[in-house]
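Remarks on the overall topology
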Amino acid sequence: MSAAFPTISEQKQPYAWTIAPNAQALKTLAEGIWNCAKQTQQRPLVVLSTAGPLIGLRAALEDTRPDDLSNQIAFLPQVISFTDWLEAAPNAWKFPKKQTDLERWLGVYATLREHRDLQARFKAETEAGAWGLAQAIIEACDTLSKAVLPQLQKQIYAQIEAANGKQISIGQAWIDQVTTFLDKLINEVYPELSRKVVDQEAFVLLTFWRYITSASDPVFREQLAMASHLEAIEQAKKHHQERPLIWVKTADPKPIDKEIFNTFLDQYAHHTPVIEVTMDWQTVGLWAEAVGGDDAHYQALENIRHSHSENWQLMGVKRFEELAWLTAKTIEQYVIADKKKIALVAQDRLVARRARALLTRLGPSLNIRDETGWKLSTTRAAAAFNSWLELIRAPKDGPSAKVLLEFLQNPFIAINNPQWLNCDKDLCVGLVAELEDILISSKAETGWKTFHLAIEGATASAEKRSSVQPNPALFKLLQFLRERHYEWQNLKVDCHQAYSLLQQNLKATGMASKLAQDSAGKQLLEVIKSFDLHGSAHQQVKMRLSDWLSLVKTVIEGASYQEEGKEALATLSILPLSSTRLRKFDAVVMVGCDEQQLPAYAEPPLFFSDALNQLLKTSTIALQFQQQARDLSQLLASADKVDFLWQSNSKSGEPLRPSAWIQRLQSALKWSPLQVKPEQRPVQIHPLSRSVAHLEDDLPMPLSMSPSAYKALRDCPYRYYVRSLLGLRKMKGFDEGFDASLAGQTLHAILRIFYHALKTEAHNNSELKVDTQLRREWMEKRLSAISEQEFKELIEGDARVMGTLRDWQKQIPSFITWQLGREQEGWEYFDGEAKVGFELPIMGPDGELRQIRIEGYADRFDVHASNPKVASVIDYKHQSYKKVQDRAEHILDDPQLLIYARAANEGQENHKIVGHQVREAEWVSLKADIGKDVQNAPRSQEVSPFPQLMKQFSEQITQDLEGLWSKKPMEAFAPDGVCRYCEARGICRKGVW
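Please read all numbers here as calculations on a predicted model, not as lab measurements. (Residues numbered from 1 in each chain as written. Predicted model: local features only at pLDDT ≥ 70, side-chain atom pairs only at ≥ 80, totals over all residues. Heavy atoms only, no water.)

Re the packing of helix 21 (residues 495–508) against helix 23 (residues 519–529)
Heads up, the rule is: Working convention: axes come from line fits to C-alpha atoms, limited for helices to the stretch in contact. Angles between N-to-C directions cover 0 to 180 degrees. The numbering of helices and of strands both runs from the N terminus, where a helix is a DSSP run of H or I of at least 4 residues and a strand a run of E of at least 2. Each angle receives one of four descriptions, namely roughly parallel if under 35 degrees, roughly antiparallel if over 145, roughly perpendicular if within 65 to 115, and oblique otherwise. Contacts are residue-level and defined by heavy atoms, with any inter-residue pair within 4.5 Å sufficient. Three classes are used, and their members are as follows: Ala, Val, Leu, Ile, Met, Phe, Trp, Tyr, Cys and Pro are nonpolar, Asp, Glu, Lys and Arg are charged, and the others, Gly among them, are polar.
Running from N to C, helix 21 and helix 23 point in directions that differ by 155°, and their axes come no closer than 11 Å. Classified by the angle their axes make, helix 21 and helix 23 are roughly antiparallel. Note on element contacts: helix 23 touches helix 21 through L525, I528 and K529, opposite Y499, L502, Q503 and L506. For the contact of helix 21 with helix 23, the class distribution of residues is five nonpolar, one polar and one charged.

And the structure:
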C-alpha cells in the first residue's frame, strides 16, 4: 500500500516516499506531484530513472490536475527521464566533447596499434572479434571508472566550483586511485594460486584504462552534469527560483549508482526540497526475492492470496509454430474484444517476431510497435547497403557472381542513373536479368575477367547462331562497378577517406536518393553519417579495408530501427519485461515463459566475474533476478489480463516445464495450465497417381529439336513437356568451386584450336608426318601451350581454375597416345564444332506429311586416309571413362552420336561433311583414369553395332515424334537417376505418388 505524501518542511535532507507499484501507481504518483506543487507553490521537476513511464505519467498528471491551482503552478510539472535531464545540464557546452560509441571504439583500435605490448596480449584474429573486444574493453573501463566515483565525487564538485565553469581534466591521481582500488579487490576475490592469471588480466585492463580514459567518457560527463545541476540550483536559490526535485526510482539502482545518487540528493536537498520516490514491494511482490526482508516468504504468499489470479491464464503448446499461432490468435481475440493497449512481452524474441508476421494480416486495424530493439540490420535497406559492402570487400580479382548479382538485384539502386551507363534508359530494361542468364549459362562464378569473358562468349555464340546479341551496356555496367571496386582496393584507408568514398559511391549508384525515400533507409543514412566524425582526430585513424568494413557492419548491427507510428483501432507494443515498469496495458501476452527463458540474465562481462562485480557494487546475477521478479510482480498487479504462453517441448523434443516462478504460483493457487491445440479440420486424402500431361489442342508443336531436347523426351516425356513445350525453367544458382561444364567448354575450344594448328604445321613441316617421336613431342608441347593460353584468362578471373588446368595437363600424354593410335588406324582429323542436321519426315495426326528439323553441333569428324569418303564422328565427354562406358548401354536413350551420324550422311544437307559416309561413332573421355600407366589409359568407347543401331534409331525417333505430334498423353516415368536432378520434379511430384 502506498504511503501518504510527506509534508514538506525546512529540513535539509531528502524526503522518502514509497508507493505500491500496482494499477494505481501512476495515479498515486501524479497526485503526490500535484501535492508537492501546492505545498511549495513551485512547478516541480520530476526525474524518472527510466523513460518508460513518461507518457503515462504525463497523462495521469493531466487527469488528476486539481481545480484550485494558482496561476504560477497551473502548467503540468516538468517530467523528464534521467538521461535527458543529464543532457540538458546547464553549461553542458563547457564539458569535454562527448564521444560517440564509434569514436570510443576507434580510440581502442588506435591504442592497440600504438602499443605493441597490448597487441601481443589480445588474440582477436577476426575483424568482428576485434570490435567486439573494443566494446568489452570500454565497458570494463567504464565499470572501473564508476567504481571509484563515490570517493572522487566530492573532489569533482570541488574542482568544478574552483574552476568557475572552466574545463577540468582527469589527473594521474585518479588513475593511481583506480589502480590501488582494483588491486585491493583482486586480493579479496581471487585466491593466491590464480594470482598470475589475474595479475595479467588486471595489468592489461589497467593499462587500457590509463590510455583511453578521459573526461569525455559518459561516466565522468554524468558526474559533471549532476554537479552542474547542483551548481544551477544553488544559483537559482539566490534568486528564489529554486524548484523542488522529485526523484522517481522506477527500478532498483545498482549499489554503486545508489551510493552516487544518495550523495547527490543529499547535496541537492540543501538548496530545495527533494522527494525520493521508491517502490514499496511489501504488498505487491509475489515471490520472496521480490518482497525482500525477513518475512518475505510469508508476505509473498499473502500477496498471492489477495491477487487477481482469475485474470491470469497459463497456456502451453508443443511446437514453435503452434506457439506463434497461439500468440497471434490470443492477441487477435483481444483486438476483437476492443482492447486498445495490448502488450506482447517477448521473453522469446523469435516467437514474438513470428507472431508479429502472423499479425500483419490484421492490416491497419492494429498498430504494432516493436520496443525490443528491432535491429536496423534486418531491414531491406540495410541488406541492400550490405550488398555493396560485400562487393567492395571482394578480392582484387573481383567478386563472386552471387555477390555481384545480389547487389545489382537490390531495389535501392538506379541502373539508369547517368553516372552508371550514360545511355538510353530503354537499354537498361532487363539488363540485370540478361547478365544473370549469361553468368549462369556460362558458369562464370567469380572475377571481373571471367564476367567479361562470359559476355564475350555469349556475343560470339549469338553471332554464330545468328541470334540476338547481348546488350552492349553490359560491358559499361561491369566497367562502372570494376572502377569503384578498384578504388577501394587501392585506397589507403583512414576513416575520413573511407567515409568520403562511400558517400560518393552511394550517390553514383543512386542508392543515396533511393534510401532517402524509405523509412529504414533514412535511418540507415543517419547511421552512416556518424562515420563523418566531424573533424575528430579519429578521422585520421588508419586501418585495413576489412577492419573498416567490419566496423561499419558492427555499428549498423547495433542500431535499432524506429518504426513510424500510425493511427489504428488498437496498439500492440512488443517489449521486454523491463519496459513494462509503471505502464498500464489493457491486456498482456507473455511468450517464452518456460524454465529456460524466464528469468533471463546477462552473463558477467569480459574481465569481471560475478564475485568481482559484487565487490565493485555493480550488477550481479542475484540483483538481476530480484529486479525481474519485481518487474513481473508489478506487471501482474497492474494489468487487467495476463496470458503466459510457453512451449512445452524443446527443439530436441525434450519436455520443458513452465518457469519456476510460475510453478510456485501454481503451487500456491492450484492453478492448472491449459494445453491448447490448433484447430483441426477434417481433410479427405486422395492418393496421387502418376503425373500425366494432356496436351491442349492449341498447344504449338515443335518444328525443330536438338539432341538434348530429344534426350529429355526419351528420359521422361513429362520432363520434355515442362521444359520444351511449356518453357518452364528452374532458377539456377551458383555452386561453390569451378563448374565442370565450363571446363568442358574450354577443353572443346582447346582441342579445336589444337587440331587446326596440327593440320597447318603438318602441311608446312613434312617431318611431322614421318617422325612419330617428333610428332608426339610437338603435339604434347603445342597442346600444353594452347591449354595454358586458353586457361590464362579464366585463371585471371578465378584462381581456382588452375587446378582444372593442371588436371588436364596430366591427361595430355595419354590423350596424345590415343590420338597417335587413331592415326595409325588411318583416321585423320577433318573438322570440329560442325553444325549438322537433317529433316525428319513424320506423319501428323491428320494424315499430313510434316518435316521436323533435327540438328546440333558435333564435336569432331574424322575421315579415313585409305578412303576419304568414309568418316567417323566423335563426341568429347569431360567425364571419367566409366561414365562413358555407361552411356554405351543406353545409346538409344541418348542418341547424340547417332543424330550427328545421320545428319552427316544426308546428301541434301549443306555442310563440310557432305559427301562422306559416317560408318563409326565413339565417345572420348577427357578425364581418363591414367593411374600408373599414363600412356595407355583407355579413353574411347565405340558405338557398336553401328549399322543396326542406326536403323533402330531412325525407326525410334520417327515413332517418338509422331506420337508427340499426335498429342498423346505424356507420362512421368523416368528412373531415379534422371529424376534426381530433374527440374520438373517439383511439378510432377514424384515421391508423392
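There's plenty left to go through after this.
Section: the nonpolar core
In globular proteins that are soluble, nonpolar side chains generally tend to be buried together. Put simply, the test is: Here the nonpolar core consists of buried residues drawn from Ala, Val, Leu, Ile, Met, Phe, Trp, Tyr and Cys, with membership extended through side-chain atoms lying within 4.5 Å. Burial classes follow relative accessibility: with a 1.4 Å probe on protein chains only, a residue under 20% of its type's maximum area counts as buried, one over 50% as exposed, and anything between as partly exposed.
One finds F385, L404, L408, W420, L435, L481 and W548 to be the most contacted residues of the largest nonpolar core, which totals 81 residues. Beyond its immediate sequence surroundings of up to four residues, F385 is in contact with L502, L506, M511, L524, I528, V552 and I556. Counting 58 residues, the second-largest nonpolar core is a separate cluster that includes A709, V836, L898 and I899.

Digging into the confidence of the model for the chain
Quick reminder of the rule: Across the chain, each position has a pLDDT score giving the predictor's confidence in that residue, from 0 to 100.
The predicted model of the chain has a mean per-residue pLDDT of 82, with 86% of residues at 70 or higher. Mean pLDDT across the secondary structure elements of the chain bottoms out at helix 8 (residues 172–189), with 51, and peaks at strand 10 (residues 587–591), with 95. Confidence drops under pLDDT 50 across residues 167–172; counting only partners more than four residues distant or on other chains, this segment forms ten contacts.

Focus: the packing of helix 14 (residues 320–336) against helix 15 (residues 349–359)
Here is the rule: Two helices crossing with the near one rotated counterclockwise from the far one by less than a right angle form a left-handed crossing, whereas a clockwise rotation gives a right-handed crossing.
In the contact formed by helix 14 and helix 15, the axes pass within 8 Å of each other and the chain directions differ by 55°. In terms of orientation, helix 14 and helix 15 fall into the oblique class. Here helix 14 runs over helix 15; the crossing is right-handed. Across from F320, E321, L323, A324, W325, T327, A328 and I331 in helix 14, the residues of helix 15 making contact are L350, V351, R354, A355, L358 and L359. When its residues are assigned to classes, the contact of helix 14 with helix 15 shows eleven nonpolar, one polar and two charged.

What about the side chain of T459?
Among the structural elements, T459 can be located in helix 19 (residues 448–465). If we ignore the near neighbours within four places in the chain, the residues touching T459 are Q469 and P470.

Thoughts on the environment of K98
Within the element layout of this structure, K98 appears in the loop between helix 3 (82–87) and helix 4 (101–114). In this structure, K98 is in contact with E87, E103, S216 and R221, ignoring residues within four places of it in sequence.

Notes on the environment of F644
Within the secondary structure, F644 is located in strand 11 (residues 642–647). A relative accessible area of 0% places F644 in the buried class. In this structure, the C-alpha to C-alpha distance between F644 and I662, residues 18 residues apart in sequence, is 8.8 Å. For F644, the residues in contact, after removing those within four places along its chain, are Q313, L314, M315, M590, C593, L632, L636, I662 and W671.

A few points about the packing of aromatic side chains
We apply this condition: Each aromatic pair joins two rings of Phe, Tyr and Trp (for Trp, the six-membered one) with centres within 6.5 Å, and gets the label stacked for planes under 30 degrees apart, edge-to-face for over 60, and tilted for any other angle.
Applying the stated criterion to the full structure yields 20 aromatic pairs. Ring centres of F5 and W17 lie 4.9 Å apart, and the angle between their planes is 80°; this geometry places the pair in the edge-to-face category. Remark: W17 occurs in strand 1 (residues 15–19) and F5 occurs in the segment before strand 1; sequence separation between them is twelve residues. Relative accessible area serves as the criterion here: at 13%, F5 is assigned to the buried category. The exposure class assigned to W17 is buried, which follows from its relative accessible area of 2%. Judged by centre distance (4.6 Å) and plane angle (10°), the ring pair of Y755 and Y829 falls under stacked. Of this pair, Y755 sits in helix 30 (residues 740–764) while Y829 is found in strand 15 (residues 827–843), placing the two residues 74 residues apart along the sequence. Here the two residues Y755 and Y829 agree in accessibility, since each one is buried. Feature note: the residues F82, W85, W247, F261, F264 and Y268 constitute an aromatic cluster, connected by ring pairs.

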